[in-house]
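# Working through the structure, step by step
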Amino acid sequence: MKKRLSIFFSMLLVLSMFLAACGGKDNADSGEKGGEKDAGKSDVPQELRVNINTEPPSLHPGLAKDSTSGTVLRQTFEGLTRIEADGKPHEAAAEKIEVSDDQTVYTFTLRDAQWSNGDPVTAKDFEYAWKWALDPNNQSEYAYQLYYIKGGQAANSGEGSLDDVGIKVVDDKTLEVTLENPTPFFLELTAFYTYLPINSKIAEANKDWANDAGENYTSNGPFVMKEWSHSDKIVLEKNEKYWDADTVKLTSIEMVMINDPNTELSMLDNGELDWAGSPTGTLPTDAMQALKDEGRLTTQSIAGIYNYKFNTTVEPFNNVNIRKAFAHAINRQEIIDNVAQGEQLPAMAIVPPSMFPESEKGYFPDNDVEKAKEYLQKGLEEMGLKDVSELPPISLSYNTSEGHQKIAQAIQDMWKTNLGVEVTLENSEWAVFIDKMHSLDYQVGRMGWLGDFNDAINFLEMYRDADGGNNDTGWESKEFQDLLAKSATEGDPEARQQILKDAEKVLMDDMPVMPIYFYTQNWVKVDNLKDVVVTGLGEVQYKWAHFE
C-alpha cells in the first residue's frame, strides 16, 4: 500500500484513484449480513459485474503487489484469518488459534477444507507458500511482510536458511509459527495476500500454475477463477468446495478491465455493470458533483494515501531541499476541491489520521509557497546552480488514468507558477508504470498506498531499505531503520506509537515521498446490491454480497 502497494494499492484514484489500478461504506459496513436469508428465497440472478480497471500484474499470492491483484485474490483465496465487516480478523482457514503467553508463538488448527480441485488444504500448503515468498530466488517484492516470522528476513536476504524460519508443520492440520517479537497485528497479517496458502501439490508440479485460469489454478476461497482473458476480463464462479459455501450467494463475478471512468459510469447507467468507482474502479472527476447532487454517491474515508515519490538517486532530487521545495509548492486543498472532488483530506504526513490523529495537521503547512522558494534557493546553491534554468529536465510520471492526469497537470502548473520550474508529464499503462517505479526509472512518480493492516508500521516499513520492494525512492536512513527496529521490541503500546511517530518525522524531514492527500472511496451502485464489504483499509469482499 502495497500496502497495500495501493494496487493500490494499486492504486486507485479515489475519486477514485488508487494504487492500482488500484483501493468504502455502504450497508455492508454496518456489519449486517441479514441478506443471506432473503437472498436464499430470491429468484434474482446472483451475477455481479464490476470493473477492475486493468490487468492484474500477478495472481500468484507470493508475487502479487498491487490492489488490483489483491482484489481478485481476496475473492479466490482464503488465509488463516479473514477481515470481516467489523474490520477485524476472524478465523477463516484456521478454526482455532492459540497464542503463547509471551505472544511470540501462534498455533493454528486448520478446519477441514478443500482446494477447488478437491485436494485437502494442509499446513504444508501454508508453509510452502510463505517460504516460497521468502526464497530470494523468487523475488517476491512483498516478502518483507513475512519478516515478522523468526528468521524470515535472514532467509530472504540470503543470510539465513529457509530451514531455520519459524514455520513448523506439526501435522496436516496444525501450523506453528514463531515470531521475532510480539506482533499485535499478526492476525491481520495472516489475512493479507502474501500470507495466503498455495496448493503445494500443484505448484511443485507446475511452476507456471498462476499464469492462467484452468485446472492448475486451484484456490481455497469463496470463488474460483473460471476465465482469465488477459487485459479483457476475469470471470469468477462460486466455489462449491469452499468450507463456507452456504454463505456465498453470488453465482458469478465478472471483472472487466476498462480504464476509462466515463465508460465505466456509462456502463453502470446502461445496466452493464452493478458498481462503478472505488475500490475496484474509477469515477470520472467531472461527474462527481452531479452524482453527489443526485444522492447516488457514497463516500468513505479509508486508511490510504495518494502521494508522489522522488527518485533520490538522481539529480535534482538527490537534494533534500529541492525535494522539500517541490513538496511545499503544492496547494493540496485546491486539488481536492477542483480536481479530485472526493472530499479527501490534504496530507502533509504519511500515516493516515485514523492511526495518527496528528496527521490531520501534518508536519508542514499546505501551500507554503514562500517556504518552498526558500528551500529551492538553498537547494540550488548546494547544487552550484545559478537558477532553475540550470536544473536538469524534470519529468512527472503517472499511470494512465484521467484522474491521475488531471492531478499531474494541476501540480505541473503549480510548480511552474510557484517555482518557475518547467516539468514534462509522462504516462504509461499500470504494469509498465509499476515496473519503472520499482526500477527507479523515473524522477517524480505517482503512487498510492492503502493499508495492508491497521497499524502505522505498514505506512513506514516500505521505506526501511533502499532496495525494499515498495520503497521506489532509493532513500534509506540509519536513524529511520533504528527507530523501526526499536518499535519492534517495544512492548508498551503508547511508547511504540511514539517511536513510530519519531520515525515518520525522520521520513518527512528527508521527504523522499511527497504526500498529496488521504484517500476517500467514492462509488455508485445498483440499489438492489447488498452486503458488499468494503473495509476501512479499502479492501472489497464479495463473500457476503447478494442481490435482492
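This is a predicted model, so every value here is computed, not measured.

Conventions we followed
- Residues numbered from 1 in each chain as written.
- Predicted model: local features only at pLDDT ≥ 70, side-chain atom pairs only at ≥ 80, totals over all residues.
- Heavy atoms only, no water.
- Core = buried A, V, L, I, M, F, W, Y, C linked by side-chain atoms within 4.5 Å.
- Buried < 20%, exposed > 50% of the residue type's maximum accessible area, 1.4 Å probe, protein only.
- Helix = DSSP H or I, 4+ residues; strand = E, 2+ residues; numbered from the N terminus.
- Domains from an automatic or database assignment.
- Contact = heavy atoms within 4.5 Å.
- Axes fitted to C-alpha atoms, helices over the stretch in contact; angles between N-to-C directions.
- Parallel < 35°, antiparallel > 145°, perpendicular 65-115°, else oblique.
- Nonpolar A, V, L, I, M, F, W, Y, C, P; charged D, E, K, R; others polar.
- Pairing = 2+ DSSP bridges.
- UniProt positions renumbered as here; feature names shortened; annotations may be inferred.
- Buried area = accessible area lost by both parts, 1.4 Å probe.

Another point: the nonpolar core. Grouped together as the largest cluster of nonpolar side chains are 143 residues, with contacts concentrated most on W130, I149, Y308, F326, W415 and Y542. Looking at this core, the element that brings in the most residues is helix α3 (residues 123-134), giving eight residues. Each of two domains, domain 1 (47-260 + 526-547) and domain 2 (298-521), supplies a minimum of three residues to this core. Apart from the residues within four sequence positions on either side, W130 is in contact with L80, L146, I149, I167, L175, V177, T190, T194, Y195 and L196. Grouped together as the second largest cluster of nonpolar side chains are nine residues, L265, L283, M288 and L297 included.

Our focus in this paragraph is the packing of helix α9 (residues 320-328) against helix α16 (residues 493-510). Interhelical geometry of α9 versus α16 gives an angle of 95° and a closest axis separation of 8 Å. Considered as vectors, α9 and α16 are oriented roughly perpendicular to each other. On the side of α9, the interface is formed by V320, R323 and K324, while α16 contributes M508, D509 and D510. Across the contact of α9 with α16, the residue classes break down as two nonpolar, no polar and four charged.

Once that is clear, we can look at the sheet that holds strand β8 (residues 167-171). Taken together, the four strands give an open sheet; going across it, the order is β6-β7-β9-β8, and neighbouring strands pair in antiparallel fashion. Every interior strand has two partners, whereas the edge strands, β6 (94-99) and β8, have only one. Ignoring strand direction, the axes of neighbouring strands in this sheet form an average angle of 20°. Sheet analysis places β8 next to strand β9 (residues 174-178), joined by four bridges and oriented antiparallel. Bridged to D171 within β9 is T174.

We now examine the UniProt feature "domain: Solute-binding protein family" (unreviewed entry) in the chain. Under the local residue numbering, the UniProt record ascribes the feature "domain: Solute-binding protein family" (unreviewed entry) to residues 89-470. For the annotated span residues 89-470, helix accounts for 28% and strand for 21% of the residues, and the straight-line distance between the end C-alpha atoms is 24 Å.

Right, let's get into the domain arrangement of the chain. For the chain, the assigned domains read domain 1 (47-260 + 526-547) and domain 2 (298-521). Of note, the centres of domain 1 and domain 2, computed from C-alpha atoms alone, are 30 Å apart. Across the boundary between the two partners, domain 1 contributes 24 residues, which contact 28 residues of domain 2. Taken over both partners, the interface formed by domain 1 and domain 2 buries close to 2,100 Å², and the fraction arising from carbon and sulfur atoms is 49%.

Across the sheet, which stays open at both edges, the four strands sit in the order β3-β12-β11-β10 with mixed pairing between neighbours. Each edge of the open sheet is held by one strand with a lone partner, namely β3 (47-51) and β10 (223-229). Neighbour-to-neighbour, the strand axes of the sheet open up by a mean angle of 20°, direction not taken into account. Where β3 meets strand β12 (residues 252-256), five bridges bridge the pair, whose relative direction is parallel. Its bridge partner lying in β12, R49 is registered against E254.

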